[in-house]
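Summary of structural features
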Amino acid sequence: VYNGVGDHFRPVPVSETAEFAAKHQLPEAFVLILGNTDPKKNTEGMLRALDIAEKKHGFTPTLVMLDLDRAYLQSLLDKIGNPNLGGRIRLTGYLPNRELPLLMNRATIYVYPSLRESFGIPPLEAMGCGLPVIASNTSSMPEVCGDAALSIDPFQPETIADAMFKLWNDDDLKQTLRTKGLERIKQFSWDQMAQRMLAIYERQR
């Protein structure tokens with residue numbers, strides 16, 4: 001029985017996100033990641049991928065991240081040997097769930113480089129907002145994302161770097177993933193989850 005995606009994760013007009021974007025000083029185009037300090041979220045791997053993308057492809061997008069401490073971020077950048085990457089990383093601070101769709105609707109691509117997940121709702125939330133998704137090929141994520149996301153090996157930062165560079169520069173691929181993502185999330189609603197759980201209970205009566 002699959003989890004669901006909140007109805008508020010949906011495409012919205014640019015006009016509805018303008019105030020939010022101005023408040024958080026968001027750039028016109030950016031890569032979004034919801035990384036945090038949990039090792040399985042692979043924030044370090046994502047930063048290594050950003051470093052590789054710069055050195056291998058000359059690809060230097062702005063990376064927007066959520067509730068992460070700047071000092072912790074700088075320690076990771078020092079660890080990977082590129083402390084200057086911090087200048088291209090925007091930290092929004094904590095955002096309530098109701099504001100996440102506003103952020104996702106402003107992003108250019110979404111990367112979910114998690115090492116493992118029991119399910120993995122965030123890439124589906126991004127799909128619901130019409131955001132092209134790059135997601136890991138481990139644990140539950142291939143089953144959840146299907147062919148609606150560009151697949152990467154989260155243990156190999158170079159594959160993340162290559163996927164970001166490819167998707168950022170391929171408008172046709174972006175549109176294909178948007179279309180597939182919006183179709184994919186129809187399989188994941190809380191109503192469907194409740195109905196399936198109820199059916200299981202009914203069979204066990």
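Values in this document were obtained by computation on a predicted structure and should not be read as measured data.

Moving on, we come to the overall build of the protein chain. Within the protein chain, the regular secondary structure consists of 9 helices and 6 strands. Computed over C-alpha atoms, the radius of gyration of the protein chain comes to 17 Å, within 12% of the 17 Å expected from 2.2 N^0.38 for 205 residues, which places it in the range of a compact globule. For the C-alpha atoms alone, the extent of the protein chain along its principal axes is close to 60 × 40 × 35 Å. Looking at the 205 residues of the protein chain, the share that counts as buried comes to 51%. Contacts in the protein chain between residues far apart in sequence, at least 24 positions, make up 73% of those at least 6 positions apart.

Attention shifts here to helix 3 (residues 70-80). For an α-helix, the turn length of 3.6 residues means that residues three or four places apart are oriented alike. Within the sequence span of helix 3, burial applies to Leu-73, Leu-76, Leu-77 and Ile-80. End-on, the buried residues of helix 3 take up no more than an arc of 100°, which puts them together on one face. Opposite the buried face of helix 3, at more than 90 degrees from it, the exposed residues are Ala-71 and Lys-79. Where helix 3 is buried, its residues touch helix 2 (43-57) and strand 3 (89-91). Looking at where helix 3 begins, the residue whose side-chain oxygen comes 3.0 Å from the main-chain nitrogen of Ala-71 is Asp-69.

Our focus in this paragraph is the sheet that holds strand 6 (residues 149-152). Strands sit in the order 3-2-1-4-5-6 across an open sheet of 6 strands; the sheet is parallel. Both edges of this open sheet fall to strand 3 and strand 6, since each of them pairs with a single strand only. Note that strand 5 (residues 133-136) and strand 6 share 4 bridges and pair parallel. Directly across from Ser-136, in strand 6, lies its bridge partner Ile-152.

Its place among the elements puts Lys-41 in the loop between strand 1 (31-32) and helix 2. Assessed through its relative accessible area of 18%, Lys-41 is described here as buried. Side chain to side chain, Lys-41 and Tyr-112 meet in a polar contact 3.4 Å long. Not counting chain neighbours up to four residues away, the residues in contact with Lys-41 comprise Asn-36, Tyr-112, Pro-113, Ser-114 and Glu-117.

Turning next to the environment of Arg-70. Tracing the backbone through its elements, the reader meets Arg-70 in helix 3. Setting aside its immediate chain neighbours within four residues, Arg-70 contacts Gly-86, Ile-89 and Leu-91.

Here we take up the packing of aromatic side chains. Summed over all chains, the structure comprises 6 aromatic pairs. Seen in terms of ring centroids, Phe-59 and Trp-168 are 5.5 Å apart; in terms of plane orientation they differ by 65°. Their pairing is edge-to-face. With a gap of 109 residues between them, Phe-59 in the loop between helix 2 and strand 2 (63-65) and Trp-168 in helix 7 (residues 157-168) connect regions that are remote in the sequence. Each of the two residues, Phe-59 as well as Trp-168, counts as buried. With 6.2 Å between their ring centres and 20° between their planes, Tyr-110 and Tyr-112 make a pair best called stacked. Neither Tyr-110 nor Tyr-112 differs from the other in exposure class; each is buried. Here the aromatic cluster, defined as three or more aromatic residues joined through ring pairs, consists of Tyr-2, Phe-119 and Phe-188.

Calculation criteria
Residues numbered from 1 in each chain as written. Predicted model: local features only at pLDDT ≥ 70, side-chain atom pairs only at ≥ 80, totals over all residues. Heavy atoms only, no water. Helix = DSSP H or I, 4+ residues; strand = E, 2+ residues; numbered from the N terminus. Rg over C-alpha atoms; globule rule 2.2 N^0.38 Å. Buried < 20%, exposed > 50% of the residue type's maximum accessible area, 1.4 Å probe, protein only. Contact = heavy atoms within 4.5 Å. Arc of directions from axis to C-beta. Polar contact = N/O pair within 3.5 Å; in protein donor to acceptor, adjacent residues only side chain to side chain. Pairing = 2+ DSSP bridges. Phe/Tyr/Trp six-rings, centres within 6.5 Å; stacked < 30°, edge-to-face > 60°.

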